[in-house]
Amino acid sequence: MTAVDEPPPVEFRHSTRRQFVPLVGALLVAAAMVAAINLISGRQWWNGLPMIPMYGVIFGVCQRVARPEASGYQARLPLRLTVEHLQVAGPDNLTLAVDWSNISRAEIRGRLQAFLVIEPVDPDQTQPALERWQWTGHGQSGPYEIVVPLAYMTPGRDVLRRELARRLPASIVNPN
């Protein structure tokens, strides 16, 4: 492959905008519903509206409590796809690099809470070498699986699927 044919590196990061825009939209819809219900029931339309932001805060805190990083969400964004390998950020500022030829399986699981599941052919060939259950996380079913949560990722999952399909054989990528 020449330098002209090589795809550029693609980096997937956590997007604050993708996290807060749906939350703000849901809160605005909830506020409109509260106002409509108040008008229908004969009360003042603004009754209960000050509670709406508090519901957003409670929802955000519940998400953090339900999925703390210390409980297994070790592999995380940024995820970087280069010509030579796939890089995943991990705990303690560790970056794991897996060569494309060393990936036996790469699939995106889930719809609302999506995860990228990567399994190397030879865990000793990753940089640094992958130890058994080292990257234990939510949804991990094998000792050498790397599970990366894709919530609020930019660019989106479609770009990730396209890039994985470009860089890996079709038998390795699961097109969920």
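Residues numbered from 1 in each chain as written. Predicted model: local features only at pLDDT ≥ 70, side-chain atom pairs only at ≥ 80, totals over all residues. Heavy atoms only, no water.

What to know about the overall build of the protein
The line we're drawing: Think of it this way: any DSSP run of H or I at least four residues long counts as a helix, any run of E at least two long counts as a strand, and we number them from the N terminus. Think of it in three bands: with a 1.4 Å probe and only protein chains considered, a residue is buried below 20% of the maximum accessible area for its type, exposed above 50%, and partly exposed in between. A contact between two residues is defined here by any heavy atoms of the two lying within 4.5 Å. To measure how exposed things are, a 1.4 Å probe is used in the Shrake-Rupley method; for residues, cover is taken only from the protein chains shown.
Check the secondary structure of the protein and you find three helices and nine strands. In sequence order, the secondary structure elements of the protein are arranged as β-α-α-β-β-β-β-β-β-β-α-β. Taken over 176 residues, the protein has a buried fraction of 35%. Sequence-distant contacts in the protein: of pairs separated by 6 or more residues, those separated by 24 or more amount to 59%. Of the accessible surface of the protein, which amounts to about 10,500 Å², a share of 60% is contributed by carbon and sulfur atoms.

What to know about a nonpolar patch on the surface
To keep it simple, the criterion reads: Patch building starts from residues that exceed 30% relative accessible area and form no salt bridge, then joins like charges within 9 Å and nonpolar side chains (Val, Leu, Ile, Met, Phe, Trp, Tyr) within 5 Å. For this analysis, a salt bridge means a side-chain nitrogen from Lys or Arg found within 4 Å of a carboxyl oxygen belonging to Asp or Glu.
On the surface, a cluster of nonpolar side chains totalling about 370 Å² of accessible area is made up of Met51, Met54, Tyr55 and Ile58. Residue position: Met54 is located in helix 2 (residues 51–66). Given the relative accessible area of 39%, Met54 is considered partly exposed.

Some details on the nonpolar core
The line we're drawing: The criterion is simple. A nonpolar core is a set of buried Ala, Val, Leu, Ile, Met, Phe, Trp, Tyr and Cys residues joined through side-chain atoms within 4.5 Å.
The biggest cluster of nonpolar side chains holds 25 residues, and the ones touching the most others in it are Phe12, Leu86, Leu116, Leu150 and Leu160. Put simply, the parts of the chain that give this core at least two residues each are strand 1 (10–14), strand 2 (76–81), strand 3 (85–89), strand 4 (95–99), strand 5 (103–109), strand 6 (115–120), strand 7 (146–149) and helix 3 (157–167).

Details of the side chain of Asn102
Applicable threshold: Polar contacts, as used here, are pairs of N or O atoms within 3.5 Å; protein pairs need one atom able to donate a hydrogen and one able to accept it. Residues neighboring in sequence count only if both atoms are side-chain atoms.
Tracing the sequence through the fold places Asn102 in the loop between strand 4 and strand 5. In this structure the side chain of Asn102 is engaged in a polar contact, spanning 2.8 Å, whose partner is the backbone nitrogen of Asp122. Residues contacting Asn102, with those up to four places away along its chain left out, are Glu119, Pro120, Val121, Asp122, Gln125 and Thr126.

Focus on unusual backbone geometry
Residue Pro128 is reached from Gln127 by a cis peptide bond, and omega for that bond is -10°. Checked against the element boundaries, Pro128 lands in the loop between strand 6 and strand 7. Cis geometry marks the peptide bond from Thr154 to Pro155, where omega comes out at -10°. For Pro155, the location among the structural elements is in the loop between strand 8 (153–154) and helix 3. At Tyr152, a position not held by glycine, the phi torsion is positive, near 60°. Checked against the element boundaries, Tyr152 lands in the loop between strand 7 and strand 8. Overall, the relative accessible area of 27% leaves Tyr152 in the partly exposed class.

Any functional reading would require information that these geometric values do not contain.
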